[in-house]
Amino acid sequence: MIDFENNTSYDIDITILEKISISLTKKDIELIIVNNDEIQQLNKEHRNIDKATDVLSFPLDFELENMPLGSIVISVDFVEEKAKEYNHTFNEELSLLFIHGLLHLLGFDHEVDNGEHRDKEEELIKEFNLPNSLIVRNS
């Protein structure tokens, strides 16, 4: 299940995100949708990078049976911008960023792995009939 918090004025449907989540984990996930200002502040606080980004993942460092997997924060401004840039729907781009963040929560890391994150992302893109994501576009 997704514990959903929408800090924007956008009307967001998370039905597909629930399906994606269930296909990968039985654990709950916190999903927070924010604007660029809010994600920039989080990026600065947690990564010492003072700029907005598309998605941040915060896995829980310990694992108990009923604890959520972690939190995903997505910038609605990036979703809107990239959807227009790549001619996707808003929900398609949101789904792509959600997949990317969820894979980080599950331990994938495209910055240090040997393509496993990209491969799993590509598999999910095909399974859910989505357009290419940023990580696949840049490969």
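Notes on the structure in this doc start here. Here the structure is a predicted model, which is why all the values come from computation and not from measurement. (Residues numbered from 1 in each chain as written. Predicted model: local features only at pLDDT ≥ 70, side-chain atom pairs only at ≥ 80, totals over all residues. Heavy atoms only, no water.)

Attention now goes to the overall build of the chain. Summing up its helical and strand segments, the chain has six helices and four strands in all. When the helices and strands of the chain are read in sequence order from the N terminus, they spell out β-α-β-α-β-β-α-α-α-α. Computed over C-alpha atoms, the radius of gyration of the chain comes to 14 Å, within 12% of the 14 Å expected from 2.2 N^0.38 for 139 residues, which places it in the range of a compact globule. Taken over 139 residues, the chain has a buried fraction of 41%. Long-range pairs, those at least 24 residues apart, make up 60% of the contacts in the chain between residues at least 6 apart in sequence. Side-chain charges of the chain comprise 12 positive and 30 negative groups, with the mean position of each set lying 5 Å from the other. (Helix = DSSP H or I, 4+ residues; strand = E, 2+ residues; numbered from the N terminus. Rg over C-alpha atoms; globule rule 2.2 N^0.38 Å. Buried < 20%, exposed > 50% of the residue type's maximum accessible area, 1.4 Å probe, protein only. Contact = heavy atoms within 4.5 Å. Lys, Arg positive; Asp, Glu negative; His and termini not counted. Charge placed at Lys NZ, Arg CZ, Asp CG, Glu CD.)

Let's shift gears to helix α2 (residues 36–47). In a regular helix each residue adds 1.5 Å, so 12 residues correspond to 16 Å; α2 covers 15 Å between its end C-alpha atoms and thus fits that length. The N-cap residue of α2 is Asn 35: its side-chain oxygen and the backbone nitrogen of Asp 37 are 3.1 Å apart. Just downstream of α2, Asn 48 is the residue with a positive phi angle, here 55°. (Expected span 1.5 Å × (residues − 1). Polar contact = N/O pair within 3.5 Å; in protein donor to acceptor, adjacent residues only side chain to side chain.)

Here the focus is a negative patch on the surface. A cluster of acidic residues, Asp 3, Glu 5, Asp 28, Asp 37 and Glu 38, forms a negative patch on the protein surface. Of all the secondary-structure elements, those providing two or more residues to the negative patch are β1 (2–6) and α2. Here Asp 37 shows up in helix α2. (Patch = residues over 30% accessible without salt bridge, like charges linked within 9 Å, V, L, I, M, F, W, Y side chains within 5 Å. Areas by Shrake-Rupley, 256 points an atom, 1.4 Å probe, with all protein chains shown as cover. Salt bridge = Lys/Arg side-chain N within 4 Å of Asp/Glu carboxyl O.)

Strand order in the open sheet formed by four strands is β1-β2-β4-β3, with mixed pairing between adjacent strands. Bordering the open sheet on either side are β1 and β3 (55–59), each of which pairs with just one other strand. The sheet shows a mean angle of 15° between the axes of neighbouring strands, direction not considered. Where β3 and strand β4 (residues 70–75) come together, five bridges link them in antiparallel fashion. Residue Leu 56 lies in a different strand from β4, and its bridge partner there is Val 73. Running at roughly 55° to β4, helix α3 (residues 76–85) makes contact with β2 (29–34) and β4 of the sheet. (Pairing = 2+ DSSP bridges. Axes fitted to C-alpha atoms, helices over the stretch in contact; angles between N-to-C directions.)

The full count for this structure, using the stated rule, is four salt bridges. Taking the shortest distance from any N to any O, the salt bridge between Lys 82 and Glu 85 comes out at 3.0 Å. With Lys 82 and Glu 85 both in helix α3 and three residues apart, the pair spans about one turn of that helix. Exposure remark for Glu 85: the relative accessible area of 45% places this residue in the partly exposed category. We note a salt bridge from Asp 119 to Arg 118, for which the minimum N-O separation is 3.0 Å. What makes Asp 119 partly exposed here is its relative accessible area of 39%. Its relative accessible area of 27% is what places Arg 118 among the partly exposed residues. A network of salt bridges, in which partner residues are shared, links Arg 118, Asp 119 and Glu 122.

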